[in-house]
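# Tertiary structure, described
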Amino acid sequence: MPHPSRHLLAIEGLEPPHIADLLDLAESYVLLNRSGKTQRDLLKGRTLINLFFEDSTRTRTSFELAGKRLGADVINMSVSTSSVNKGETLLDTASTLNAMQCDLLVVRHGQSGAPALLSQKVDAAVINAGDGTHEHPTQALLDALTIRRHKGRLEGLVVAICGDIAHSRVARSNIHLLTTMGSRVRIVGPPTLIPADAARLGVEVFHDMKAGLKDADVVMMLRLQRERMSGGLVPSAREFFRFYGLDAEKLAHAKPDSIVMHPGPMNRGVEIDSAIADHPTRSVIGEQVEMGVACRMAVLDVLARRLPRNR
Ligand code: ASP
Ligand code: CP
C-alpha cells in the first residue's frame, strides 16, 4: 500500500499495511547493510538536510548514514552555529533551505508540531526526527523492527513501556504503532509521569513495576526527560531506581525470554541497571541502533519515490 503522505510526521494515522510495508522494506536494508553493499543510485542527485534544534547522537548520525548509503548529498546543519542565533525564525530558516532546493528535510525540534508546521512551508519531504513530547516516528519503526525480528510478530505481544511516559515522544509513537499492529501495550510509571490522556491511548496503566512487567514479552525502558519537566516530578534518582529502575529482580516478573529495550541515551543506575543494559541475551539495545539505520533508509526510499523528478 503506498505511503499516504509525502512526509513522515507521525505514526498516528498510519494503517497496518503502511507500517508493515515500511518494516518489510527496512528488513531488506538490514540484509543490504550486513552484506556491506550500498545502493547509491537511489538518492543520487538528491539533497538531505539534517536540521536538529535538539541534541542527538543516534538519530542524526543514522539519518546521515542512511542518506549516504542511498547516494544522497547529506548536509548536517549545525543549529548552534547558525543564524538562528541571530534571531532568524524556524520558518525563515526553512524557507532559506527550501530555496537551496533541499529534497529531504529531517527535523528535530523541542516544540511539538514544529515539523508539521514546516511541512506546510517547504517543497521538501519533511521527516520528524522527534518533536517535543509529541512523536518520534522513526524510533517506533526501528523498535518495531527489532521486536519483530526477535518475536516473529507484533500481534498479541505484551509490551511494557516503563518510566517517564508523560514526556516521551518515543512512548507516544510506540503506543500508536504497537496498538495499531495488535500488541497489548502497558505503560508503567509513577502517577506524575503518566500522561493525562492515557485512557484514550488504548493502553493499560500500572504504577507498580512487578505488576506491569508480569508475563511481558518486551520491556522498554525510558529516560527521565528532566529537560521537559517543570518542577520535581520525581523524588531522587536513587529513589526512582528503587521503585522503577529495571534490575534483575524486577525483570524476573517478565517472561523468561522477554527482551529489554531502550531508545537511548541511557542513564545507567537511574532507569536501568548496567547488568541488564549489557545483558548478553536479554538486552537488544545495540540491535535497536542497527535497525535505526535500516528503517531510516526505508523511510528515505519511500518518500523519495514521491518526490518530483527534477526540482
Ligand atoms: N532519544 C530519544 C528522544 O530524543 C529518547 C530520549 O532522549 O530519552 O526522544
Ligand atoms: N533514540 C534517540 O533518538 O537518540 P538520540 O537522541 O541520540 O538521537
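Scroll up a little and you will see the structure.
Now for a description of the structure that goes with this document. On a predicted model such as this, the values are computed, not experimentally measured, just so you know.

## Digging into the packing of aromatic side chains
Applying the stated criterion across every chain, the model contains one aromatic pair. Above the plane of the ring of Phe241 lies Lys250, whose end atom (NZ or CZ) is 5.7 Å from the centre.

## Comments concerning the environment of Ala66
Structurally, Ala66 can be placed in helix H2 (residues 58–69). Those residues in contact with Ala66 that lie beyond four places of it in its chain are Val293, Arg296, Met297 and Leu300.

## Some thoughts on the site of ligand 1
Contacts to ligand 1 come from Arg108, His136, Arg169, Val170, Arg223, Gln225, Gly264 and Pro265. Residue Arg108 places a side-chain N or O atom 3.3 Å away from an oxygen atom belonging to ligand 1. Coverage of ligand 1 by the protein chains reaches 92% of its 260 Å² of free accessible surface. For the shell around ligand 1, the residue count by class is two nonpolar, three polar and three charged.

## As for the site of ligand 2
As a structural note, the neighbourhood of ligand 2 is formed by Ser56, Thr57, Arg58, Thr59, Arg108, His136, Gln139, Pro263 and Gly264. Between ligand 2 and Thr59, the relevant distance is 2.6 Å, taken from an oxygen atom to a side-chain nitrogen or oxygen of the residue. One nitrogen or oxygen atom from the side chain of His136 is found 2.9 Å from an oxygen atom belonging to ligand 2. Burial of ligand 2 by the protein chains amounts to 92% of its free accessible area of 250 Å². Classifying every residue of the shell around ligand 2 by side-chain character gives one nonpolar, six polar and two charged.

Rules used in this analysis
Residues numbered from 1 in each chain as written. Chains lettered and ligands numbered in written order. Predicted model: local features only at pLDDT ≥ 70, side-chain atom pairs only at ≥ 80, totals over all residues. Heavy atoms only, no water. Phe/Tyr/Trp six-rings, centres within 6.5 Å; stacked < 30°, edge-to-face > 60°. Lys NZ or Arg CZ within 6 Å of the ring centre and 35° of its normal. Helix = DSSP H or I, 4+ residues; strand = E, 2+ residues; numbered from the N terminus. Contact = heavy atoms within 4.5 Å. Near = heavy atom within 4 Å. Polar contact = N/O pair within 3.5 Å; in protein donor to acceptor, adjacent residues only side chain to side chain. Areas by Shrake-Rupley, 256 points an atom, 1.4 Å probe, with all protein chains shown as cover. Nonpolar A, V, L, I, M, F, W, Y, C, P; charged D, E, K, R; others polar.

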